[in-house]
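Fold and geometry: a report
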Amino acid sequence: VEKEYTEIPEAYNLYLQGRFFWGARTKEGLNKSIECFNKALELDPDYALAYVGLADSYFIQGWWGWIPLNTGFALAEENVFKALAIDKNLAEAHTVMGALYTWKYWDWEKARNELELAIELNPNFGTAHQYYSELLDIMGENKRAREEIDRAIEIDPFLPVLRALSGSYYYNEGRLENSFDEFDNILELDPKYGSGSAHWFKFFIHIRKKEDLKAVEEIKKALEVNPSTATEAEKIDSLYSNVGINGVISLLIELKLQDSVPSPYRLARLYLMLDQKEE
C-alpha cells in the first residue's frame, strides 16, 4: 500500500491505460498498450511496472500469433529483466517470469516458484492467480487450478480472459452449461473479445452437443468480428445447406491456413472434428 512505483501521475495514468488495452486481448489493443507503456517510460525511465506492462503485452502478442511466438517471448523476457533490475520484489514481474517458465521453457518447478512468489508478494494481483491456475491445470491439479482461477475472478471480475479460462476448464470437465455461461459473460463484457474467440468457443460447445444449427450461428458471429473474414460469414448458411456442418468446418480450416501465423492448436481441433487424425 505504501509503495509508490512512480512520482509522475501522468506516467501512472498511461500505465493504467496500457493495462486496459492489454486486457482487451485484441491486436489493436495490444499495440495501443505498448504505445502507452512506452510513453510512460519516456516520462519515467525507472518505472518498473511499465517495463512489466511491455513484457506482458509482447508475451500476449506472441501467444495470440500477432507477432512470431519466439519474438514475443524474447521481448517479454528482455523487459521483465529490466523491471527486476529496478525492483526485484515486483510481483507483476515474477508473474511474467512464471508465465515464461511455463510456456517458453516448460520448466514447471521454476514456474511454480515464480508464481507462488508473485502471489506471496501481492496476493491481490489477479494475473498471478491466472497464470498459476494455468500451470496447475497443466500439472493435472485440476481442483487447485479451479480455486486459483476463481480467486482471480474474485479479484478482477471484469477481465474477460479470466472468464475464458474458467469456461475452458468447465468445457474440459464436460460441464458444458457452466462453460456456456462463462462465454456469455465474456460477450456481455466485450463482444469483440479476442477477435471473436468467445463465439469460437460457443461454436465448439454446440458441436459437442450436436447442435449444428446453433453452431453455425455462432461461427458466423465469430467471422463477422474480423474484417478479413466478414465476407466469409455470408457464405456459411448456403454452405451448411449444401454440404452440412463438415463443409463449414472445412471452410474454417481453409481460412485458418490463410492466417499469417496459423494456430496449430485451432487447426488440430478442426481437423479432429472431421476425424482427420493424421492432419
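Throughout what follows, the structure given in this document is the object of discussion. (Residues numbered from 1 in each chain as written. Predicted model: local features only at pLDDT ≥ 70, side-chain atom pairs only at ≥ 80, totals over all residues. Heavy atoms only, no water.)

The next subject is the overall build of the protein. Assigned secondary structure in the protein consists of 15 helices and 0 strands. Relative to a compact globule of 279 residues, whose C-alpha radius of gyration would be 19 Å, the protein shows 20 Å and is just as compact. Expressed as a percentage of the 279 residues in the protein, the buried residues total 52%. Taking the intrachain contacts of the protein between residues at least 6 apart in sequence as the baseline, contacts between residues at least 24 apart amount to 53%. For the protein, the exposed area adds up to about 14100 Å²; of that, 51% sits on carbon and sulfur atoms. Here the protein contributes 30 positively and 47 negatively charged side chains, and the mean placements of these two sets differ by 4 Å. (Helix = DSSP H or I, 4+ residues; strand = E, 2+ residues; numbered from the N terminus. Rg over C-alpha atoms; globule rule 2.2 N^0.38 Å. Buried < 20%, exposed > 50% of the residue type's maximum accessible area, 1.4 Å probe, protein only. Contact = heavy atoms within 4.5 Å. Areas by Shrake-Rupley, 256 points an atom, 1.4 Å probe, with all protein chains shown as cover. Lys, Arg positive; Asp, Glu negative; His and termini not counted. Charge placed at Lys NZ, Arg CZ, Asp CG, Glu CD.)

Even without glycine at this site, arginine 25 takes up a positive phi of about 55°. Mapped onto the fold, arginine 25 is located in the loop between helix H1 (9-24) and helix H2 (27-43). Although it is not a glycine, aspartate 275 adopts a positive phi angle of roughly 65°.

Right, let's talk about the layout of surface pockets for a bit. Of the pockets and cavities examined, the second largest pocket occupies roughly 860 Å³. Secondary structure elements with two or more residues in the lining of the second largest pocket: H1, helix H5 (91-103), helix H7 (126-138) and helix H9 (160-172). If one sorts the elements of the lining of the second largest pocket by residue count, H1 sits on top with 8 residues. Considering only residue class, the lining of the second largest pocket consists of 19 nonpolar, 6 polar and 5 charged. (1 Å grid on protein atoms, 1.4 Å probe; cavity = no way out; pocket = protein on both sides within 12 Å on 5 of 7 lines; lining within 4 Å. Points joined across faces, edges and corners; volume = space filled by probe spheres on them. Nonpolar A, V, L, I, M, F, W, Y, C, P; charged D, E, K, R; others polar.)

Let's shift gears to the pattern of salt bridges. Here the idea is simple: oppositely charged side chains can pair when their charged atoms come close. One pass over the full model with this rule turns up 19 salt bridges. The closest approach of N and O atoms between glutamate 78 and lysine 82, which form a salt bridge, is 3.6 Å. Of the two residues, glutamate 78 and lysine 82 both sit in helix H4 (residues 69-86), 4 residues apart, roughly one turn of that helix. A residue is classified by how much of its surface remains accessible, and lysine 82, at 37% relative accessible area, is partly exposed. (Salt bridge = Lys/Arg side-chain N within 4 Å of Asp/Glu carboxyl O.)

Let us now look at the side chain of threonine 127. Take threonine 127: it is sitting in helix H7. Those residues in contact with threonine 127 that lie beyond four places of it in its chain are Trp22 and Thr95.

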